[in-house]
Amino acid sequence: MSRGLRVWQASAGRPGQGDMEKEQETLRAWKERVARELDRVVAFWLEHSHDQEQGGFFTCLGRDGRVYDDLKYVWLQGRQVWMYCRLYRQFERFRRPELLNAAKAGGEFLLRYAQVAPPAKKCAFVLTRDGRPVKVQRTIFSECFYTMAMNELWRVTGDARYQSEAMEMMDQIVSWVREDPSGLGRPQLPGAPASESMAVPMMLLNLVEQLGEADEELAGISAELGDWCAQRILQHVQRGGQAVLENVSEDGEELSGCLGRHQNPGHALEAGWFLLRYAIQRGDAKLQAHVIDKFLLLPFHSGWDPEHGGLFYFQDADGLCPTQLEWAMKLWWPHSEAMIAFLMGYSETGDPALLRIFYQVAEYTFRQFRDPEYGEWFGYLNRDGKVALTIKGGPFKGCFHVPRCLAMCEEMLNDLLSRLAPASALSARPPPAGSARLGAE
C-alpha cells in the first residue's frame, strides 16, 4: 500500500469498503473528465495553430480558433514543441505522426530563427511569421523554453542535434544567472535594488529536472545547481513563514515598497509543485511538509477569493491595493498550477484536505474557464468569473499550461486509482479465522 494511503488511514481511521469505493468512484470520474478535456484541448491546437507554410505555430487565436495576429512568440513556440513531444512520449493515444511531425517542424523553426545573432545565444521574444526578430526581452525565459523543447525533441527523435542545442543553451542560461548577466542586455542602474524574482530559480529548477530525467550522470552533475535553485526559491518565504513574496533581495531579505510586498499566488503554487518533486526525488519528508504548508496551503488560503471564488492574480502582502490593473482578475494558469499542486500533494501524503482543495479548484476551473462550444479554455476572467477576453491564445497563453495540467492530472489520477484498487480489495476481504476471538481477548 502507498505511503499516501497509509497516512490517510492513520489520520482518518481505517476506511471501510464503502468509503474506499466512493473515493475510487469520484477519482475515476475526475480522471475520465480530465482525459476527455485533454483530448478536446489538444484537438483545438492541432486544428488551428499549425503554420503549414512557414513552420512553427500561431498562438494568437480567437475564441473559435481563427488567427488574429501572425506574430510568433518564441517562448510559446518552445512550449508547444515541448508539450507535443511530452504527449507523444507519455500517452499511447497521442503517439500519432501528426503530433510528432508538428513538433519537429516547430523545433526546426526555432533552430533557424529563435537566436537573434548566432552564434550568440540570446533568443528573440517575438518573431514575424517568417522568422524575423521583432522584439527581445532582457530575461531568460525564451531561452528556457527553447531548451525544454530541444531536450524533449531529442527524447522522442534521438536526433543528437537537439540535445546539443539544449545543453549549450542551458550552459548559457546558468552563466547569465550565476556569473555574468550582461549578455541579457539589462543595464545595472544605480537606483535599482539588487533583487531576485522567484521566477528565475523556479525555471532553472524545472530545467534541471527536465535535463536530468532518466540520466543519472547528468542528474548527478546538475545536483548542486538543483540544490542552489531550491534554496533560492525557499528564501522567498518571508515574515516568519507567513508570506511568500515574489521578489526578495539577492541575500534573501524583504525589499521595501510595492516590489517587496508583491505576491503572485499562482507562481507560489507552481513553485510549490516544482519543490515538491524536488523533495520527493531526494526523499526529504521534512522539506515536503514545509513545501505543502508554505507553498500550497498558505498561498491558496490567502489567494482564494472568498466572495466569488477563484485565485486572485496579484496581492499585496500588507493588504494594500495592488498597483496592477489586473490584480483581481482570475487567469487560467494559476488555476492550472493549483490543480497540479494539490493533486500531487494528496498523491504523496494522502491528506484528504489536499484532495478537497483539488476538487474545489478543479470544479471552479472547469466551470468558469472551459469553453464547451469551441474547445480550449478562456484565459482571462473578471473577478466575478465572467469572461473578460474571449481569445484562446496570445502573447502569453499558448498550448502549454492547460494541456500540461490536464496531462499531469490524468497521470496522477491513474496512479492513485491503481494504488487504491489493491487497497480496496484488501478491505473487502473477510477477517482471518480467529481474529474476532483474539480481538475480544
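The name an unreviewed UniProt entry gives the chain is N-acylglucosamine 2-epimerase, with Odocoileus virginianus as the organism. The record held by UniProt for the chain lists under Catalytic activity (unreviewed entry) the comment "an N-acyl-D-glucosamine = an N-acyl-D-mannosamine".

Engineer: If you had to explain the packing of helix α7 (residues 199-212) against helix α11 (residues 265-281) to someone new, which residues and values would you point to?
Structural biologist: For the pair α7 and α11, interaxial distance at closest approach is 10 Å and the crossing angle is 40°. Classified by the angle between their axes, α7 and α11 sit oblique to one another. In this structure, the crossing between α7 and α11 has a hand that is left-handed. Mapping the contact onto sequence places Ala 199, Met 202, Leu 205, Asn 206 and Glu 209 in α7 and His 267, Glu 270, Ala 271, Phe 274, Leu 275, Arg 277, Tyr 278 and Gln 281 in α11. Counted by class, the contact of α7 with α11 contains seven nonpolar, three polar and three charged residues.

Engineer: Give a description of the layout of surface pockets that names residues and reports values.
Structural biologist: Looking at the second largest pocket, its volume works out to about 360 Å³. Together, 16 residues line the second largest pocket, and Arg 86, Gln 90, Glu 209, Arg 277 and Met 408 are the ones closest to its centre. Every element with two or more residues in the lining of the second largest pocket is listed here: α3 (74-90), α7, α11 and α15 (401-428). Considering each element in turn, the lining of the second largest pocket owes the most residues, five residues, to α15. Taken together, the residues that form the lining of the second largest pocket break down as seven nonpolar, three polar and six charged.

Engineer: How would you summarise the packing of aromatic side chains if you had to cite specific residues and measurements?
Structural biologist: Scanning all chains against the criterion turns up 23 aromatic pairs. A centroid spacing of 5.9 Å and a plane angle of 85° characterise the contact between Trp 75 and Phe 396, whose relative ring orientation is edge-to-face. You can see Trp 75 sitting in helix α3 and its partner Phe 396 sitting in the loop between β14 (387-389) and α15, a full 321 residues away along the chain. Chaining the aromatic ring pairs together yields one cluster made of Tyr 73, Trp 75, Trp 82, Phe 125, Phe 145, Phe 396 and Phe 400. The ring of Phe 145 has Arg 79 sitting right over it, with the charged end atom 4.3 Å from the ring centre. In this arrangement the basic side chain of Lys 397 is found over the ring face of Trp 332, its NZ or CZ atom lying 5.9 Å from the centre.

Engineer: So, the sheet that holds strand β13 (residues 380-381): which residues are in play, and what are the values?
Structural biologist: Here we have three strands laid out as an open sheet, ordered β12-β13-β14, and antiparallel in their pairing. At either margin of the open sheet sits one strand with a lone partner, and together these are β12 (330-331) and β14. Inspection of the sheet shows β12 paired to β13 by two bridges, in the antiparallel sense. Across the sheet, residue Lys 330 finds its bridge partner in β13, namely Leu 381.

Engineer: Can you tell me about the nonpolar core, naming the residues and giving the values?
Structural biologist: Counting 131 residues, the largest nonpolar core has Tyr 84, Leu 87, Leu 204, Phe 295, Phe 342 and Phe 358 as its most contacted members. For this core, the element with the highest residue contribution is α15, accounting for eleven residues. Here Tyr 84 is in contact with Trp 45, Leu 46, Ser 49, His 50, Phe 57, Leu 99, Ala 102, Ala 103 and Cys 399, once residues within four sequence places are set aside.

Engineer: Tell me about unusual backbone geometry, and please be specific about residues and values.
Structural biologist: Note the cis peptide between Pro 118 and Pro 119, where omega equals 10°. Mapped onto the elements, Pro 119 comes out in the loop between α4 (97-113) and β4 (126-127). You will see that Ala 214, though not glycine, has its phi angle at about 55°, which is positive. Along the polypeptide, Ala 214 turns up in the loop between α7 and α8 (216-221). Since its relative accessible area comes to 84%, Ala 214 is described here as exposed. At Glu 376, a residue that is not glycine, the phi angle is positive and equals roughly 60°. Note on placement: Glu 376 falls in the loop between α14 (352-368) and β13.

What counts and what doesn't
- Residues numbered from 1 in each chain as written.
- Predicted model: local features only at pLDDT ≥ 70, side-chain atom pairs only at ≥ 80, totals over all residues.
- Heavy atoms only, no water.
- UniProt positions renumbered as here; feature names shortened; annotations may be inferred.
- Axes fitted to C-alpha atoms, helices over the stretch in contact; angles between N-to-C directions.
- Helix = DSSP H or I, 4+ residues; strand = E, 2+ residues; numbered from the N terminus.
- Parallel < 35°, antiparallel > 145°, perpendicular 65-115°, else oblique.
- Left-handed = near helix turned anticlockwise from the far one by under 90°.
- Contact = heavy atoms within 4.5 Å.
- Nonpolar A, V, L, I, M, F, W, Y, C, P; charged D, E, K, R; others polar.
- 1 Å grid on protein atoms, 1.4 Å probe; cavity = no way out; pocket = protein on both sides within 12 Å on 5 of 7 lines; lining within 4 Å.
- Points joined across faces, edges and corners; volume = space filled by probe spheres on them.
- Phe/Tyr/Trp six-rings, centres within 6.5 Å; stacked < 30°, edge-to-face > 60°.
- Lys NZ or Arg CZ within 6 Å of the ring centre and 35° of its normal.
- Pairing = 2+ DSSP bridges.
- Core = buried A, V, L, I, M, F, W, Y, C linked by side-chain atoms within 4.5 Å.
- Buried < 20%, exposed > 50% of the residue type's maximum accessible area, 1.4 Å probe, protein only.

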